[in-house]
Amino acid sequence: MGLAYNVYLDSEKIYGCKNCKTHLSNHEDIVSRSFRGQHGKAYLFNTVVNVDEGEANERNMTTGRHIVRDIKCRQCNETVGWKYDKAFEPSEKYKEGKYILEAELLCNVT
């Protein structure tokens, strides 16, 4: 495997890892702000960058059963949220392929 280069986003509001300030996503990619994570408030994003994905596992969540994988900051290895691989409830299918970033683990990068 080659070197992993960080992606730098160009946006007015960029969310980064609270620990090391690595760019993770931008404000325009937020799908919803009505999520809760382990640390409180969380946001659903269409795309994120500079993360490594863990193994997929099945979890029973507030909205039903999902197959998800934790995502970690590529720079400092801090867990910052998770990715939805599969939703079993038809009303939750819109989450598939999207990412949750927990607000408590983020910072605004300027």
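What follows deals with the sheet that holds strand β1 (residues 14–17). Reading across the sheet, the three strands line up as β2-β1-β10 and stay open at both edges, with antiparallel pairing between neighbours. A strand with exactly one partner marks an edge of an open sheet, and here the two such strands are β2 (23–26) and β10 (106–109). Pairwise comparison of adjacent strand axes, ignoring direction, gives a mean angle of 40 degrees for this sheet. Of the pairings in the sheet, the one linking β1 to β2 comprises three bridges and is antiparallel in character.

Looking at chain direction, strand β3 (residues 30–37) and strand β4 (residues 40–45) are connected through five bridges and run antiparallel. Across the sheet, residue S32 finds its bridge partner in β4, namely L44. Hairpin connection, β3 to β4: the antiparallel pair is bridged by two residues.

Turning to the environment of I67, a few remarks are in order. Position of I67 among the secondary structure elements: in strand β7 (residues 64–73). In this structure the C-alpha to C-alpha distance between I67 and F88, which are 21 residues apart in sequence, comes to 8.4 Å. Sequence-distant contacts of I67, defined by excluding residues within four places in its chain, comprise A56, N57, E58, K83, Y84, D85, K86 and F88.

This part is about unusual backbone geometry. A positive phi is found at N50, a non-glycine position, where the angle reads about 60 degrees. Position of N50 among the secondary structure elements: in the loop between β4 and β5 (51–53). Located in the positive-phi region is N77, a residue other than glycine, with phi close to 70 degrees. The topology assignment puts N77 in the loop between β7 and β8 (79–87).

How each quantity is defined
- Residues numbered from 1 in each chain as written.
- Predicted model: local features only at pLDDT ≥ 70, side-chain atom pairs only at ≥ 80, totals over all residues.
- Heavy atoms only, no water.
- Pairing = 2+ DSSP bridges.
- Helix = DSSP H or I, 4+ residues; strand = E, 2+ residues; numbered from the N terminus.
- Axes fitted to C-alpha atoms, helices over the stretch in contact; angles between N-to-C directions.
- Contact = heavy atoms within 4.5 Å.

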